[in-house]
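# Structural characterization, general
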Amino acid sequence: MQRSFIAKNPSVLIFLAVLALFTLLVTVMSEGFGVGGISTSFIKTLGKTLCLCLIALAMDLIWGYTGILSLGHFAFFGLGGYMIGMWLMYERTRLIVVESLSGAEIPPTDGEVIDAIGNQIFGVVGSSEFPVVWAFADSLTIQLILVLLVPGVLALVFGWLAFRSRVTGVYLSILTQAMTLALALYLFQNDSGLRGNNGLSGLQNLPGVTANQDHVSLWFFWASAGALAAGYVLCAWLVSGKFGSVIRGIRDNEARARFLGYSVETYKLVIFTLTACIAAIAGALYYPQAGIINPAEIAPIASIYLAVWVAIGGRGRLYGAVIGAAFVSLLSTWFTGGQAPDINLGFYTIKWVDWWLVLLGLSFVLVTLFAPKGIGGLIDLYTDRRAPNRHGADLGPDDGALREQEASQ
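Source: prediction; values computed, not measured.

So, about the overall build of the chain. Secondary structure assignment for the chain yields 16 helices and four strands. Looking at the 409 residues of the chain, the share that counts as buried comes to 44%. Of the contacts made within the chain by residues no fewer than 6 positions apart, 73% connect residues no fewer than 24 positions apart. By element, 63% of the accessible surface of the chain is carried by carbon and sulfur atoms, the whole surface being about 20900 Å². Treating the 23 positive side-chain charges of the chain as one cloud and the 25 negative ones as another, the clouds have centres 13 Å apart.

In total, this model carries zero disulfides according to the counting rule given. With no disulfide partner, cysteine 53 has as its closest neighbouring cysteine sulfur the one in cysteine 51, 9.0 Å distant. For cysteine 53, a relative accessible area of 2% translates into the label buried. Free of any disulfide, cysteine 235 has its nearest cysteine sulfur in cysteine 277, 12 Å distant.

The final tally for this structure, using the stated rule, is seven salt bridges. With its nearest N and O atoms 2.8 Å apart, the salt bridge here joins lysine 268 to glutamate 254. One end of the pair, lysine 268, is in helix H11 (residues 264-290); the other, glutamate 254, is in helix H10 (residues 254-259), with 14 residues separating them in the sequence. In this structure, the salt-bridge partner of aspartate 342 is lysine 351, at a minimum N-O distance of 3.7 Å. By relative accessible area, aspartate 342 is classed as partly exposed at 43%.

Of note, the phi angle at arginine 166 is positive, near 55°, even though the residue is not glycine. Its location among the elements puts arginine 166 in the loop between helix H6 (140-164) and helix H7 (169-188). Of note, the phi angle at arginine 195 is positive, near 65°, even though the residue is not glycine. Tracing the sequence through the fold places arginine 195 in the loop between H7 and strand E1 (200-201). Arginine 195 gets classed as buried once you look at its relative accessible area, which sits at 8%.

What follows covers the side chain of serine 224. Structurally, serine 224 can be placed in helix H8 (residues 213-240). Within the structure, the side chain of serine 224 is placed 2.8 Å from the backbone oxygen of phenylalanine 220, a separation counted as a polar contact. In contact with serine 224, not counting residues within four places along its chain, are Gly47, Leu50, Cys51, Leu285 and Gln289.

Rules of the game
Along each chain, residue indices are assigned from 1 in the same order as the chain's sequence is written. Per-residue local features are limited, in this predicted model, to residues with pLDDT of at least 70; the limit for side-chain atom pairs, both in listing and counting, is 80 or more; totals at the level of whole chains, interfaces and linings are taken over all residues. Computation of side-chain values covers all heavy atoms of the structure but excludes hydrogens and water. To qualify as a helix, a DSSP run of H or I must reach at least 4 residues; to qualify as a strand, a run of E must reach at least 2; elements of each kind are numbered from the N terminus. Each residue is placed in one exposure class: buried if its accessible area under a 1.4 Å probe, protein chains only, is under 20% of its type's maximum, exposed if it is over 50%, and partly exposed if it falls in between. Throughout, a residue-residue contact means that at least one pair of heavy atoms, one from each residue, lies within 4.5 Å. Accessibility throughout is a Shrake-Rupley quantity obtained with a 1.4 Å probe, and a residue counts as covered only by protein chains that appear here. Charge convention: Lys and Arg are scored as positive, Asp and Glu as negative, and His as well as the terminal groups of each chain are ignored. In this description, the location of a charge corresponds to atom NZ of lysine, CZ of arginine, CG of aspartate or CD of glutamate. For the purposes of this analysis, a disulfide is any pair of cysteine sulfur atoms at a distance within 2.5 Å. Just to be clear on terms, a salt bridge is a Lys or Arg side-chain nitrogen sitting within 4 Å of an Asp or Glu carboxyl oxygen. N or O atoms within 3.5 Å of each other form a polar contact, as long as, within protein, one can give a hydrogen and the other can take it, and as long as residues adjacent in sequence are counted only when both atoms are side-chain atoms.

So, in structure tokens, the structure goes:
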């Protein structure tokens with residue numbers, strides 16, 4: 001009898017239970033609906049951390065399971081944020097403009113309203129006209145579709161060009177990094193249509209919503225937790241079946257997988273595009289909680305950090321990617337937020353704000369050299385040492401073979 005997906009992957013049920021318990025606990029302790037034990041700013045930090053865990057899952061799927069070290073997935077993460085940020089900024093500005101013009105003796109025309117909105121948004125870059133990329137910024141439905149469509153098409157085109165040329169290894173990593181750098185440099189220009197270095201701001205304010213940030217931050221936290229749960233189930237389902245076996249075969253021996261008749265380039269393209277879309281969803285949830293997005297968020301260094309998170313957590317293990325992203329993200333917030341006390345050595349004072357990146361880089365080197373399985377390897381160590389529970393099943397293949405209970409006596 002074929003076992004169900006959950007029966008074959010009990011870790012999925014454990015992960016969902018832990019995530020649900022964590023979400024409930026944070027909700028009860030929040031200022032919005034609970035006793036106020038957790039501040040609204042920290043709720044936003046936790047929500048953003050869950051989004052980073054989601055993009056870490058995407059990174060683990062393409063690097064840990066398929067063997068493609070992509071240094072460009074934060075570009076897709078940023079594009080997802082830009083797509084939803086365009087609607088948030090447009091709609092919020094539109095409401096402000098309409099309210100400010102409502103007291104005029106002569107009602108403004110639609111063209112005057114649009115001109116006023118354009119002046120408010122693009123005045124900072126010396127313009128008042130809407131660029132072509134903002135053609136659908138007034139439609140939430142279309143912008144939500146573009147959250148997936150724009151990063152997905154970019155990943156599809158880039159992946160098709162790269163994989164059909166059979167670019168692999170470090171060369172592919174350099175190409176993905178070059179793509180990210182080119183996109184970031186383009187977005188830094190004022191004529192890119194996305195306000196250049198100023199980026200999009202005020203994204204934490206939901207248009208038409210009168211609830212305060214205590215409630216809004218909790219809504220986004222719930223959405224981030226739900227997206228992470230769905231993303232984990234999807235990734236676990238993919239890697240547990242034939243598709244997962246094939247991509248692991250490509251990772252371990254690409255030539256042999258191709259010799260066995262599998263279309264290696266097709267599998268790579270599918271996984272590259274899929275993980276780009278997952279990263280875009282994470283970005284679309286992350287930046288409304290951050291409140292602002294600018295081209296610096298898409299810089300290649302961000303994708304390198306992503307690889308470090310997955311390596312520290314343990315690549316090739318979905319829970320390892322989540323643990324690594326959550327651990328490093330929260331630790332980074334603690335160190336760079338000035339909460340970690342400085343250490344006075346007498347001749348020198350260690351300020352963790354300055355030394356955090358050094359500590360992160362050193363941790364990556366040590367994990368790579370001495371603990372390649374990362375933090376997730378500790379869980380593997382525990383599960384591997386547990387004795388199998390056969391519930392009295394035969395220890396041998398023949399009827400009447402020594403049973404578990406008899407062997408222990």
